[in-house]
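Below, each chain spelled out in residue letters.
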Amino acid sequence: MNTDYLKNKRILLVDDEPELQNMVTSILRKAGFTSLRTAGTVRDAVDIAHEFKPELAILDVMLPDGDGFSLMEQLKSDSDYPILFLTARGEDEDKFRGFGLGADDYMIKPFLPKELVFRITAILRRTYKNENPMVTLKRCRIDFERAEVLRIQDEQNKTLPLTAKEYAILHTLYRNAGRIVTIDALCEAAWGDNPYGYENSLMAHIRRIREKIEENPSKPESLITVKGLGYKLIISQT
C-alpha cells in the first residue's frame, strides 16, 4: 500500500535530551517525513502544539516540568490525535497507564530506527487511512494514492508522476483547498521545520506542478498565486 500521503503529516517530538531529538529527527527525515517539530518541556510542547497543530505526538514519560502522561491529557483535550510514547520507562505499570489513557503505542529506549518508522507509519495509516483521495481540478485529476496526475482532458489520458516535493506541496494545498497557504507553510511542508531560504526552490516546484495540472501553466486556473501571501488550490465542484 502506498503510504507517501502520510509523509507530510505534522509530527511533534517531546523529549528533553537534545541528542535523542536530533537522532529521531534524522531518522524520520531519512524515512521521508517532512514536517517535524521538537520540544524539551511540557510547557514548550503545549505552546508548540497550539501553533503547529500536530497530527502525531511522540512523548517521553520523564520531562523536566512534568510527565508525558499529563502532557498527553493536555494535548488530547485540545485535539484528539494519536500519541506514541518513546521512553526509557519500560515497567508494565507505565505501559498500562499509557495505554489506559489512550496512547496508540509504547516503545522502550533504546530502539531500532526501522521499528520506530514502522510503528509511526502504522499509527498514521490507521488514523488517516481515508486521506488519499482522487481530487478533481479543472483540467485534471490528482490521485494521491498513486502520487500521479491524470490529464483527463487530453486525447490520450496522460499519467504524470509527482515527485516527493511536488506531492508534499500539492497535498498541503489540497488540505487547505480554497484557502491561502503561505509560502512559509509550503516550504515547511516540503523541506521541514527549517524552511527559510527555499522560496526560489518553491517557485520552481510550483512551476513544474502547473506544467502537470494546468492547460496553460502561464495562466493557471487551479493553482493560483495570491501576490505577497502564497498560493491557493481551486477544487472543481463538478
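Summary of the structure given here. Along each chain, residue indices are assigned from 1 in the same order as the chain's sequence is written. It should be noted that, the model being predicted, local features are given only for residues of pLDDT at least 70 and side-chain atom pairs only at 80 or more, the latter also being counted only at that level, while totals for whole chains, interfaces and linings use all residues. Where side-chain values are given, they derive from all heavy atoms of the structure, hydrogens and water being excluded.

**Some remarks on the sheet that holds strand β14 (residues 230-233)**
What holds strands together in a sheet is hydrogen bonding between their backbones, with the strands either parallel or antiparallel.
Thinking step 1. Strand pairing requires that DSSP identify at least two bridges connecting the strands. Every helix listed is a DSSP run of H or I at least four residues long, and every strand listed is a run of E at least two residues long, numbered separately from the N terminus. Read across the sheet, three strands follow the order β12-β14-β13 without closing on themselves; strand pairing throughout is antiparallel. Strand pairing shows two members of the sheet lacking a second neighbour, β12 (181-182) and β13 (223-226), which therefore form its edges.
Thinking step 2. Two elements, β12 and β14, share two bridges in a ladder whose sense is antiparallel. Looking at β14, one finds that Val-181 is bridged to Tyr-231.

**Quick word on the sheet that holds strand β8 (residues 134-136)**
Thinking step 1. The strand order β8-β9-β10-β11 describes an open sheet built from four strands, whose pairing is antiparallel. If you trace the sheet from one side to the other, it starts and ends with β8 and β11 (158-161), each paired once. For this sheet, the mean angle separating the axes of adjacent strands, direction not counted, is 20°.
Thinking step 2. For strand β9 (residues 141-143) and strand β10 (residues 148-151), the ladder comprises three bridges, and the chain directions are antiparallel. When the sheet's bridge partners are listed, Arg-141 is paired in β10 with Leu-150.
Thinking step 3. In the packing of helix α8 (residues 199-213) onto the sheet, contacts are made with β10 and β11, and the angle to β10 comes to roughly 40°. A fitted line through C-alpha atoms represents every axis, and for helices the fit uses only the stretch in contact; the resulting angles, taken between N-to-C directions, go from 0 to 180 degrees. By definition, residues are in contact when any of their heavy atoms lie within 4.5 Å.

**A look at the pattern of salt bridges**
Thinking step 1. Think of a salt bridge as a Lys or Arg side-chain nitrogen and an Asp or Glu carboxyl oxygen that are within 4 Å of each other. By the definition in use, this model includes 16 salt bridges.
Thinking step 2. Notably, a salt bridge pairs Glu-51 with Arg-37, separated by 3.1 Å at the nearest N-O pair. Here Arg-37 lies in strand β2 (residues 35-39) and Glu-51 lies in helix α2 (residues 42-52), a separation of 14 residues in the sequence.
Thinking step 3. Residues Lys-138 and Glu-221 are paired through a salt bridge, measuring 3.1 Å at the closest nitrogen-oxygen approach. Of this pair, Lys-138 sits in the loop between β8 and β9 while Glu-221 sits in the loop between α8 and β13, placing them 83 residues apart in sequence.
Thinking step 4. A simple rule labels every residue: compare its accessible area, found with a 1.4 Å probe on the protein chains alone, to the largest value its type can have, and call it buried under 20%, exposed over 50%, or partly exposed in between. Note on Lys-138: relative accessible area 52%, which makes it exposed.

**Regarding the packing of helix α6 (residues 164-175) against helix α7 (residues 183-191)**
Thinking step 1. Running from amino to carboxyl end, α6 crosses α7 at an angle of 135°, the nearest separation of the two axes being 8 Å. Classified by the angle their axes make, α6 and α7 are oblique. As for how α6 packs across α7, the hand of that crossing is right-handed. Every residue of α7 that contacts α6 at Lys-165, Ala-168, Ile-169, Thr-172 and Leu-173 is listed here: Leu-186, Ala-189, Ala-190 and Trp-191.
Thinking step 2. Basically, the charged four are Asp, Glu, Lys and Arg, the nonpolar ten are Ala, Val, Leu, Ile, Met, Phe, Trp, Tyr, Cys and Pro, and anything else, Gly included, counts as polar. Residues of the contact of α6 with α7, tallied by class, amount to seven nonpolar, one polar and one charged. For classification purposes, angles smaller than 35 degrees are called roughly parallel, those larger than 145 roughly antiparallel, those between 65 and 115 roughly perpendicular, and all remaining angles oblique. Throughout, a crossing is termed right-handed when the near helix is turned clockwise from the far one, and left-handed when it is turned anticlockwise from it by less than a right angle.

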